[in-house]
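Here's the letter readout for the chains.
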Number of protein chains: 2
Amino acid sequence: MDKATTSNIDTISRTCIAVRLRLLNRVVTNLYDDALRPLGLKVSQLNILVVTARLGLARPAQVCEILQLDVSTLSRNVKPLQAHGWLEVVPDEDARAQPFRLTAQGERLIEKAIPAWEEAQRQATELLGNEGVALLDQAAKKLRQTRPEA
Amino acid sequence: MDKATTSNIDTISRTCIAVRLRLLNRVVTNLYDDALRPLGLKVSQLNILVVTARLGLARPAQVCEILQLDVSTLSRNVKPLQAHGWLEVVPDEDARAQPFRLTAQGERLIEKAIPAWEEAQRQATELLGNEGVALLDQAAKKLRQTRPEA
DNA sequence: TCACGATTATTGTATATGCAACTATCGGCT
DNA sequence: AGCCGATAGTTGCATATACAATAATCGTGA
């Protein structure tokens, strides 16, 4: 392997933001998933339930805007949540729409998940440090600014 | 929904580290994937190729340690890379092992990917800011300390 | 009214991710 | 030699993720 190539590989290896962010994401996601496992819940699912709870009646496109998720992804992710009885699809005047809302069961699940979430949150905070958490807030805020809901 | 529940949902919504980190991860991953798309390459794949390049001869467990990836995940992720001819599995004395290495073609691919990577890296840096990048470095370093290769 | 572009969501396809269970092999100890 | 715990990867299963293409519906302008 020639020197230039080695140098490029070295640069990516040492500096690539995506590599580190993705690694951190895996580790942190596992912290939460481990804590939530006894409830049969994953943090990705808790995300969606919480957003839905806040919206009351949630339209897919709206949830995707908030979570920066592809609509096709949400479309599939909702199915297990619905199957578990945590969400229910609500009929709408506009026949294209598939708005959904949290069920009472889903609400109870969130309540039950709080202690596990708190423990994972504690571990994640320890990992990132207060500065890290603050930075994450900033970045998330910037993303919201970048994509204003018209 | 009673007040306590609303309050809990609010807390998660406003403070959950996993929610934000996962969101950021999606956005940033998409930056790199968009830039790399013309090459038929995803940043997750570039990760693996680069680690492999650095290792020379890469053992799966070793790559997983570095990337904090489940071995079963890597086992599957390697297959498309192999199919594209970017990696090749190398026979080993230990019949359990499945070490692999970068092919010449894989090396050329990395070279071709550099400009796209640089552009995505620029965008990601802009998004996170220099502090954000520094924090990410710190967190990644901490993860390496947490799991020393004994 | 009805034709057509815009909107909303789903489906086909491919990859990423991890847990649990399994297979194959290795190495040491008897 | 032969058993047995340890090690290295793979496979079954479920979920997450996104792009491209499609389906269904809506609303508007002719």
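Up top is the structure these notes are about.
Cut-offs used in this document
- All chains use their own residue numbering, which begins from 1 and follows the written sequence.
- Here every chain gets a letter starting at A, and every ligand a number starting at 1, in the order they are written.
- Residues qualify for local features only when their pLDDT is at least 70, as the model is predicted, and side-chain atom pairs are given and counted only at 80 or more; totals for whole chains, interfaces and linings, by contrast, use all residues.
- The basis for the side-chain values is all heavy atoms of the structure; hydrogens and waters are excluded.
- Under the scheme used here, helices are H or I runs from DSSP no shorter than 4 residues and strands are E runs no shorter than 2 residues, and both carry numbers assigned from the N terminus.
- Here the term buried applies to any residue with accessible area under 20% of the maximum for its type, exposed to any over 50%, and partly exposed to those in between, with areas from a 1.4 Å probe on protein chains only.
- The criterion used for residue contact is that any of the two residues' heavy atoms lie within 4.5 Å.
- By buried area we mean the combined loss of accessible area, with a 1.4 Å probe, across both parts when two parts are placed together.
- By definition here, a salt bridge exists when the distance from a side-chain nitrogen of Lys or Arg to a carboxyl oxygen of Asp or Glu is within 4 Å.
- The term polar contact refers here to a pair of N or O atoms within 3.5 Å; inside protein, the definition further demands a hydrogen-donor-capable atom paired with an acceptor-capable atom, and it admits residues adjacent in sequence only when both atoms are side-chain atoms.
- Superposing the copies works by least squares over the C-alpha atoms of residues that have pLDDT at least 70 in both of them.

Looking at unusual backbone geometry
All names here are of chain A.
Piece 1. Even without glycine at this site, Gln 68 takes up a positive phi of about 55 degrees.
Piece 2. Checked against the element boundaries, Gln 68 lands in the loop between α4 (60-67) and α5 (71-83).
Piece 3. The exposure class of Gln 68 is buried, given its relative accessible area of 17%.

Some words on the interface of chain B and chain A
Piece 1. Opposite the 58 residues of chain B that make contact, chain A presents 57 residues.
Piece 2. Here chain B meets chain A over a buried area of about 5700 Å², counting both sides, of which 68% is carbon and sulfur.
Piece 3. The three residues of chain B that bury the most area against chain A are Ile17(B), Leu21(B) and Arg22(B), which together make up 12% of that side's buried surface.
Piece 4. On inspection of chain B and its partner chain A, the count reaches four salt bridges.
Piece 5. Of the charged contacts, one joins Asp137(A) and Arg20(B) as a salt bridge, the two residues approaching to 2.5 Å between their closest N and O atoms.
Piece 6. Counting every contact that joins chain B to chain A gives 24 residue pairs in polar contact (both at pLDDT 80 or more).
Piece 7. Breaking the side of chain B that touches chain A down by element, the ones donating at least two residues are α1 (3-15), α2 (17-36), α3 (43-55), α4 (60-67) and α6 (104-146) of chain B.
Piece 8. No other element matches the 21 residues that α6(B) contributes to the side of chain B that touches chain A.

Describing the relation of the copies chain B and chain A
Piece 1. Take chain B, turn it by 180 degrees, move it 0.0 Å along the axis, and it overlays chain A with an RMSD of 0.0 Å. What the superposition gives is, in effect, a two-fold axis relating one chain to the other. Relative to the rotation axis, the C-alpha of Asn25(B) is the closest in chain B, positioned 3.4 Å from it.
Piece 2. Comparing interface residues between copies, 98% of those in chain B also lie at the interface in chain A; the contact surface is shared.

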